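Coordinate inspection notes
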Amino acid sequence: MLGTDFRTGSPNWIDLGSPDTDAAAAFYGAVFGWQFVSAGPQAGGYGFFQKDGKTVGAVGPLTEEGAASAWTTYFQSDDIQATAREVVAGGGGVRAEPMDVMGEGWMAQFTDPQGARFAVWQPGRTKGLEMTSQDDTLVWVELHVGDPEAAIRFYRALFGWRSQEMEAPGMTYRVLSIKDGDQQEGSFGGVAPLQDEREETRWVPYFAVADADATVAAVQGNGGTVLMPATDVPDVGRIAWLADPGQAVFAVLKPNPRQG
């Protein structure tokens, strides 16, 4: 599962673009127990979600014209300028050019060739998330896309990711790992084919929870939406797909103890 010893291609940051950051902070505080901490007056309303004093995500106002509320997954780059060139060479698009974030690191935002949005973070003073794979923190990221093989080729060119096929109910699922070290220990996410024409191409963050059903109830009780009820997945755990009041999609996972 995901750790905080980030290397090339690791998911190392997530943030939420929200039309109402105060409402988002209240919602995620009620669901996951997160506290919102402002990044300061120069940050334009951006701030951090923290659990037990450690950063587990971030939130900021929507900045793109017509943008919908969504979670964005960031992957570690050791050379963000080179990554930007490789995104374009691979058929992707640049949504936000590489920029220095007040010495904390460099960020850029992209769209892959099939339309999934993602970002990269080249660490400076801020290395990335401070807690993962614990209850109420990021544990997995998942790409839902029409052509999984083409997607894997694109991201492999960027980050050197490895993939391994596994059979899941009704689909072939591909588990992603960073390029270095033991493949199973380096796994951090997966790629799933779109299940119908209404499903959007996107990266979806999964947060670990102690009780998926209780989390679903908390989401419903605080103005969120259940997209897929809590369901047991063999050898994985119990998962649910959800949306916050701003319609940003995320998922939760009560991991199978053998996966922990």
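Cut-offs and rules
- Residues numbered from 1 in each chain as written.
- Predicted model: local features only at pLDDT ≥ 70, side-chain atom pairs only at ≥ 80, totals over all residues.
- Heavy atoms only, no water.
- Buried < 20%, exposed > 50% of the residue type's maximum accessible area, 1.4 Å probe, protein only.
- Helix = DSSP H or I, 4+ residues; strand = E, 2+ residues; numbered from the N terminus.
- Pairing = 2+ DSSP bridges.
- Axes fitted to C-alpha atoms, helices over the stretch in contact; angles between N-to-C directions.
- Contact = heavy atoms within 4.5 Å.
- Parallel < 35°, antiparallel > 145°, perpendicular 65-115°, else oblique.
- Left-handed = near helix turned anticlockwise from the far one by under 90°.
- Nonpolar A, V, L, I, M, F, W, Y, C, P; charged D, E, K, R; others polar.
- Phe/Tyr/Trp six-rings, centres within 6.5 Å; stacked < 30°, edge-to-face > 60°.
- Arc of directions from axis to C-beta.
- Polar contact = N/O pair within 3.5 Å; in protein donor to acceptor, adjacent residues only side chain to side chain.

**Comments concerning helix α2 (residues 80-89)**
Taken residue by residue, α2 has Ile 80, Ala 82, Thr 83, Ala 84 and Val 87 as its buried positions. One or two positions beyond α2, positive phi appears at Gly 91, with a value near 95°.

**What about the sheet that holds strand β16 (residues 249-255)?**
Here we have eight strands laid out as an open sheet, ordered β10-β11-β12-β9-β13-β16-β15-β14, and mixed in their pairing. This sheet does not close on itself; its edge strands, each paired only once, are β10 (162-168) and β14 (225-233). Neighbouring strand axes in the sheet, compared pairwise and without regard to direction, differ in orientation by 25° on average. In this structure, strand β13 (residues 202-208) lies alongside β16, joined through three bridges in parallel fashion. The partner of Tyr 206 across the bridge, within β16, is Ala 251.

**Observations concerning the environment of Leu 143**
Tracing the sequence through the fold places Leu 143 in strand β9 (residues 138-145). The sequence separation of Leu 143 and Ala 116 amounts to 27 residues, and the corresponding C-alpha distance is 7.9 Å. What Leu 143 contacts, discounting residues up to four positions off in sequence, is Asp 112, Ala 116, Ala 151, Tyr 155, Gly 190, Val 191, Ala 192, Arg 202 and Trp 203.

**Regarding the packing of helix α1 (residues 21-32) against helix α4 (residues 212-221)**
As a packed pair, α1 and α4 sit with axes 9 Å apart at the nearest point and diverge in direction by 150°. The angle between the axes of α1 and α4 places the two elements in the roughly antiparallel class. The crossing of α1 and α4 is right-handed. In this structure, α1 uses Phe 27, Val 31 and Phe 32 to contact α4, whose residues at the interface are Thr 215, Ala 218 and Val 219. Along the lines of polarity and charge, the residues of the contact of α1 with α4 split into five nonpolar, one polar and no charged.

**Some remarks on the packing of aromatic side chains**
In this structure the tally under the stated criterion is 32 aromatic pairs. An angle of 45° between the planes, with centres 5.7 Å apart, marks the rings of Phe 75 and Phe 159 as tilted. Taken as a pair, Phe 75 in strand β5 (residues 70-76) and Phe 159 in helix α3 (residues 148-159) lie far apart in primary sequence, 84 residues in all. Here Phe 75 falls in the buried class, since its relative accessible area comes to 0%. Three or more aromatic residues link up through ring pairs in this structure, and these residues are Phe 75, Phe 110, Phe 118, Phe 154, Tyr 155, Phe 159, Trp 161, Phe 188 and Trp 203.

**Focus on α4**
Listed as buried for α4 are Ala 212, Thr 215, Val 216, Ala 218 and Val 219. Mapping the buried residues of α4 onto a view down its axis gives an arc of 160°, with all of them on the same face. Among the structural elements, α1, β14, β15 (237-243) and β16 are those in contact with the buried residues of α4. The opening residue of α4 is Asp 211, an N-cap whose side-chain oxygen sits 3.0 Å from the backbone nitrogen of Asp 213. Where α4 ends, the next residue or the one after it, Gly 223, has phi of about 90°, a positive value.

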